[in-house]
Number of protein chains: 2
Amino acid sequence: MSSSLIIWSNVSLPKSVSDLLRDRLGGHTLIAPEVADKSNLVAGPPDPSFALADVAFGQPHPQDVVQSSNLKWVHLSSAGYTRYDTDALRAHASSRDLRFTNSSGVYNEPCAQHVLAMMLSIARQLNGAQDDQRAGSTWPYLPLREKSFLLNGQSALIVGYGAIGQRLAELLAPFQMKLMGFRRTPTGRESIPVRPISEVDAHLPTADHVINILPAAPGTQGFFDTKRISTLKPGVRFYNIGRGNTVDQTALVDALKSGRVDSSYLDVTDPEPLPASHALWTAPNSFITPHTAGGHVNEFERLTEHFLMNFDRFTTGQTLVDRIF
Amino acid sequence: MSSSLIIWSNVSLPKSVSDLLRDRLGGHTLIAPEVADKSNLVAGPPDPSFALADVAFGQPHPQDVVQSSNLKWVHLSSAGYTRYDTDALRAHASSRDLRFTNSSGVYNEPCAQHVLAMMLSIARQLNGAQDDQRAGSTWPYLPLREKSFLLNGQSALIVGYGAIGQRLAELLAPFQMKLMGFRRTPTGRESIPVRPISEVDAHLPTADHVINILPAAPGTQGFFDTKRISTLKPGVRFYNIGRGNTVDQTALVDALKSGRVDSSYLDVTDPEPLPASHALWTAPNSFITPHTAGGHVNEFERLTEHFLMNFDRFTTGQTLVDRIF
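The sections below set out a description of the structure shown in this document. (Residues numbered from 1 in each chain as written. Chains lettered and ligands numbered in written order. Predicted model: local features only at pLDDT ≥ 70, side-chain atom pairs only at ≥ 80, totals over all residues. Heavy atoms only, no water.)

### Overview of the relation of the copies chain A and chain B
Part 1: Of the transformation placing chain A onto chain B, the axial shift is 0.0 Å and the rotation is 180°, giving an RMSD of 0.0 Å. On the angle and the small slide along the axis, the relation comes out as a two-fold axis. Across chain A, the rotation axis passes nearest the C-alpha of A:Ala117, at a separation of 3.0 Å.
Part 2: Most of the interface of chain A is mirrored in chain B, where 100% of its interface residues are also at the interface. (Least-squares fit on C-alpha atoms with pLDDT ≥ 70 in both. Contact = heavy atoms within 4.5 Å.)

Written out as structure tokens, the structure reads:
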């Protein structure tokens, strides 16, 4: 391990956080791309200085990564990594012992809290109360109480059960719901019952809540299609904080209109931003947050702390946390 | 104990639930008042048939209770019991071994979930997203992410720590917040640190969240007055599911306007319904639910099950649950 490393980062950090990062990197050298980015979830353009990097923190251009010869480790500033999950990049990485980690440890917590917020907002009819408040306050005491419900004893499927689902299950533990997770390959060590995703169809017709955390991956596009949506339990609540393209949005709008789906709360759509004219904005009981599930005011501090924690592990030869390949 | 009891109830139950109640009461006799009520939280008028009752389930008129000679037990269909908490009624009860219980076991759960829903709605900026959705969807991705925050590590005071506060503390346990409760007389057996209400002023200036669950009781009227509100930590989030008259609403509106209070979520106001012209409806980050915290679709089933559970205890001479005096 070289004693002085070059760390390339295109994460657009507030000054106090970039100062912290520079301080904590000590004798190592932090370099930035020539063109700065606005979001830590968007890939920048190719950057000539990238060739110097031993370590990358952020969203490097995949082409830069494939062409790199110095690079030993990429720590992505997001939980998602679809654009890096290519045969070319995996081959390049495995041929050179180039490691990839992501920031899922930063985003599990806000994402899990976001899902619980959505579930409780519907259960407690906060959305209806807010609409009434904005419309001029008719104090709809009885109708809102009659639409409110307890989560206790209800069933919820977590489709795409990973680190976010695991944290969500912890947050939901006091509610005594019937939880079941679905993932490609259950480990058998999960804290709730988890089944292979291939078995989900048998459970969709009985679930009170369906929580979609499917990533963009082979086989997830259009996963919740017309057929699956038509088998959901009448009155189901549907949530999506995975990827917008895993849901047939036309089928969802139809199901909201017919009432088969009582309500949906989506943090992701296809496309994003969702066009102002899209039917999902105005369908009955359709609620949308604009891909904010992972956001938090101290996001950049926590991203940087997470990277620095892993950087310590990297320089001392320990196993990296949140390794993806 | 008489083998056949007369149970008076003015709870306006759906037919399926009143059938269940009648069935489960077996050989005992269920009677209803001459004038039915719309809400299980409102006292009915005096009722001549009340004099026959051994047991009352609902909201009997206090005057009927004081004049009763048969009555052995009143099970209130609410958690609050201000209108029964009078010297005359307590004297009558203690002179005749007339027991009073309430339905707090039914309402702790929805009320605690309602507070958590409010906290998470603010933390995840669901209200801002909904306003944007209704206004025509500008997809305010970055501003909402930057206003979102994690509850973890933040401090919250539960002012009026009783059964709802205890359940709320259980729901909040996975969030690793710094919780502190305040009540008239701490028992020392609470699961979080709980101090006498007289010590709350020392803690108000440092709390990120102030959760008001104060009941209507001597000393709670106007508890959150101009002076106390002026000592709150700048940027605090304030919640009220206790009683509206425990807060100086003019002072709260001023604090919302100045930004000292970042946001408030109130389920109770003074008066209720809050007049449509009241400044709380439109003050910045002021959110209101119309006294719906305790409501849930199966409220009447759960009220009835709770009464029947206690009725079994009553007829078998066991200690009554949720006894208030």
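### A word on the pairing of strand β1 (residues 6-9) of chain A
Part 1: As paired elements, β1(A) and strand β2 (residues 29-31) of chain A share 3 bridges and run parallel to each other. Residue pairing across strands places A:Ile6 opposite A:Thr29, the latter belonging to β2(A). (Pairing = 2+ DSSP bridges. Helix = DSSP H or I, 4+ residues; strand = E, 2+ residues; numbered from the N terminus.)

### Things to note about the packing of aromatic side chains
For any two aromatic rings, the description comes down to two numbers: the centre-to-centre distance and the angle of the planes.
All names here are of chain A.
Part 1: Tallied over the full model, the rule gives 23 aromatic pairs over all chains.
Part 2: An angle of 25° between the planes, with centres 5.0 Å apart, marks the rings of Trp 73 and Phe 314 as stacked. With Trp 73 in strand β4 (residues 73-76) and Phe 314 in helix α10 (residues 299-315), this pair connects stretches of sequence that are 241 residues apart.
Part 3: By relative accessible area, which is 0% here, Trp 73 ends up buried.
Part 4: What links up through ring pairs into an aromatic cluster is the set Phe 57, Trp 73, Phe 307, Phe 311 and Phe 314.
Part 5: Taking NZ or CZ as reference, Arg 228 lies 3.9 Å from the ring centre of Phe 223, over its face. (Phe/Tyr/Trp six-rings, centres within 6.5 Å; stacked < 30°, edge-to-face > 60°. Buried < 20%, exposed > 50% of the residue type's maximum accessible area, 1.4 Å probe, protein only. Lys NZ or Arg CZ within 6 Å of the ring centre and 35° of its normal.)

### Points about the interface of chain A and chain B
Part 1: In this assembly, 61 residues from chain A lie in contact with 61 residues from chain B.
Part 2: The contact between chain A and chain B buries some 5400 Å² in all, and 59% of this surface belongs to carbon and sulfur atoms.
Part 3: On the chain A side of the interface with chain B, the three residues burying the most area are A:Arg124, A:Trp139 and A:Arg145, jointly 17% of the side's total.
Part 4: The interface formed by chain A and chain B includes 4 salt bridges.
Part 5: Remark: the boundary between chain A and chain B carries 34 residue pairs in polar contact (both at pLDDT 80 or more).
Part 6: Ranked by residues supplied to the side of chain A that touches chain B, first place goes to helix α4 (residues 104-123) of chain A with 10 residues.
Part 7: Looking at the side of chain A that touches chain B residue by residue, the classes come out as 30 nonpolar, 20 polar and 11 charged. (Buried area = accessible area lost by both parts, 1.4 Å probe. Salt bridge = Lys/Arg side-chain N within 4 Å of Asp/Glu carboxyl O. Polar contact = N/O pair within 3.5 Å; in protein donor to acceptor, adjacent residues only side chain to side chain. Nonpolar A, V, L, I, M, F, W, Y, C, P; charged D, E, K, R; others polar.)

### So, α4(A)
Part 1: Given a rise of 1.5 Å per residue, 20 residues ought to cover 28 Å, and the 28 Å separating the end C-alpha atoms of α4(A) matches this to within 8%.
Part 2: Of all 20 residues making up α4(A), 19 are buried, and the element is well covered by its neighbours. (Expected span 1.5 Å × (residues − 1).)

### Focus: the packing of helix α4 (residues 104-123) of chain B against helix α7 (residues 163-172) of chain B
Residues and elements named next belong to chain B.
Part 1: Following both chains from N to C, one finds α4 and α7 inclined at 55°, their axes separated by 8 Å at the closest point. Taken together, α4 and α7 sit at an angle that is classed as oblique. The handedness of the crossing between α4 and α7 comes out as right-handed. In this structure, α4 contributes Asn 108, Glu 109, Cys 111, Ala 112, Gln 113, Val 115, Leu 116 and Met 119 to the contact, and α7 contributes Ala 163, Ile 164, Arg 167, Leu 168, Leu 171 and Leu 172. (Axes fitted to C-alpha atoms, helices over the stretch in contact; angles between N-to-C directions. Parallel < 35°, antiparallel > 145°, perpendicular 65-115°, else oblique. Left-handed = near helix turned anticlockwise from the far one by under 90°.)

### Re the sheet that holds strand β3 (residues 55-58) of chain A
Residue and element names in this part refer to chain A.
Part 1: Strands sit in the order β2-β1-β3-β4-β5 across an open sheet of 5 strands; the sheet is parallel. Each having just a single partner strand, β2 and β5 (99-101) make up the two edges of the open sheet. Here the average twist between neighbouring strands, direction ignored, is 20°.
Part 2: Across 3 bridges, the pairing between β4 and β5 is parallel. The residue of β5 that forms the bridge with Val 74 is Phe 100.
Part 3: Packed onto the sheet, α10 meets β1, β3, β4 and β5 and runs at close to 160° relative to β4.

### Here's the deal with the environment of A:Arg183
All names here are of chain A.
Part 1: By the element assignment, Arg 183 lies in strand β7 (residues 178-183).
Part 2: Relative accessible area serves as the criterion here: at 24%, Arg 183 is assigned to the partly exposed category.
Part 3: For Arg 183 and Val 194, which are 11 residues apart along the polypeptide, the C-alpha to C-alpha distance reads 7.2 Å.
Part 4: Residue contacts for Arg 183: discarding those within four places in its chain leaves Tyr 161, Gly 162, Glu 190, Val 194, Arg 195, Pro 196 and Ile 197.

### Observations concerning the side chain of B:Ser49
Residue and element names in this part refer to chain B.
Part 1: Looking at where Ser 49 falls in the secondary structure, it is placed in the loop between β2 (29-31) and β3 (55-58).
Part 2: Residue classification places Ser 49 among the buried positions, given a relative accessible area of 15%.
Part 3: Aside from chain neighbours lying at most four places away, what touches Ser 49 is Trp 8, Ile 31, Ala 32 and Pro 33.

### Quick look at the sheet that holds strand β6 (residues 155-159) of chain A
All names here are of chain A.
Part 1: Ordered in space as β8-β7-β6-β9-β10-β11-β12, the 7 strands form an open sheet in which the pairing is parallel. The outermost strands of the open sheet, each flanked by one partner alone, are β8 (194-196) and β12 (286-288). With strand direction ignored, the average angle separating the axes of adjacent strands in the sheet is 15°.
Part 2: Sheet topology places β6 next to β7; 5 bridges connect them, and they run parallel. Bridge assignment links Ala 156 to a residue of β7, and that residue is Leu 179.
Part 3: Each of β9 (209-212), β10 (236-240) and β11 (261-266) is contacted by α4, which is oriented at about 145° to β11, the strand it contacts most.

### Focus on the side chain of B:Ser68
Part 1: With respect to the helices and strands, B:Ser68 occurs in the loop between α2 (62-67) and β4 (73-76).
Part 2: Aside from chain neighbours lying at most four places away, what touches B:Ser68 is B:Phe50, B:His92 and B:Arg96.

### Comments concerning the nonpolar core
Part 1: Counting residues in hydrophobic clusters, the biggest one holds 106 residues, and the most contacted among them are A:Leu116, A:Phe307, B:Leu116 and B:Phe307.
Part 2: Among all residues touching A:Leu116, those that are not within four sequence positions of it are A:Leu168, A:Leu171, A:Leu172, A:Phe175, B:Leu116, B:Leu120 and B:Phe175.
Part 3: Of all hydrophobic cores here, the second largest spans 31 residues; its members include A:Tyr141, B:Phe182, B:Ala207 and B:Trp281. (Core = buried A, V, L, I, M, F, W, Y, C linked by side-chain atoms within 4.5 Å.)

### Remarks on the environment of A:Phe287
Part 1: Relative to the assigned elements, A:Phe287 resides in strand β12.
Part 2: Taking the C-alpha atoms as reference points, A:Phe287 and A:Tyr239, 48 residues apart in sequence, are found 9.5 Å from one another.
Part 3: Other than its neighbours up to four places away in sequence, A:Phe287 contacts A:Asn127, A:Ser264, A:Tyr265, A:Leu266, B:Gln130, B:Gln133 and B:Arg134.

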